[in-house]
Amino acid sequence: LSIIHVTDLAHALLALAGDRTETIAQTYEVDDGTPGGWSHRDLGKAIATAVGRNAHIMAAPRWLLMAAAQVDRAV
């Protein structure tokens, strides 16, 4: 997971659009520079810190998430 501010993304897109011959058929990965990206746990903690709260991050097992998805589809 990577987080990037919309202004930074817009600047990157404008910079790439400026020289079209070098950017055609190229793939660019714009990210925030966090090595390996953010884990869901780290992102949850960062959001909690940003809003001045403590986070208690819990992992849910795959089977529970799949069951919740099935219930959601049914509803």
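Everything in this summary refers to the structure shown in the same document.

Cut-offs applied
Residues numbered from 1 in each chain as written. Predicted model: local features only at pLDDT ≥ 70, side-chain atom pairs only at ≥ 80, totals over all residues. Heavy atoms only, no water. Helix = DSSP H or I, 4+ residues; strand = E, 2+ residues; numbered from the N terminus. Rg over C-alpha atoms; globule rule 2.2 N^0.38 Å. Buried < 20%, exposed > 50% of the residue type's maximum accessible area, 1.4 Å probe, protein only. Areas by Shrake-Rupley, 256 points an atom, 1.4 Å probe, with all protein chains shown as cover. Lys, Arg positive; Asp, Glu negative; His and termini not counted. Charge placed at Lys NZ, Arg CZ, Asp CG, Glu CD. Expected span 1.5 Å × (residues − 1).

## Side note on the overall build of the chain
A count of helical and extended segments in the chain gives four helices and zero strands. Its C-alpha atoms give the chain a radius of gyration of 19 Å, clearly above 11 Å, the size a compact globule of 75 residues would have. Projecting the C-alpha coordinates of the chain onto the three principal axes gives extents of approximately 50 × 35 × 25 Å. Scored against the burial criterion, the 75 residues of the chain give a buried share of 3%. For the chain, the accessible area works out to roughly 6700 Å², and carbon and sulfur atoms hold 60% of it. Across the chain, 6 positive and 8 negative side-chain charges occur, with their mean positions spaced 16 Å apart.

## Some thoughts on helix H4 (residues 62–74)
For H4, with 13 residues, the first-to-last C-alpha span of 18 Å sits near the 18 Å given by 1.5 Å per residue. Summarising burial for H4: zero of the 13 residues are buried, a small minority.

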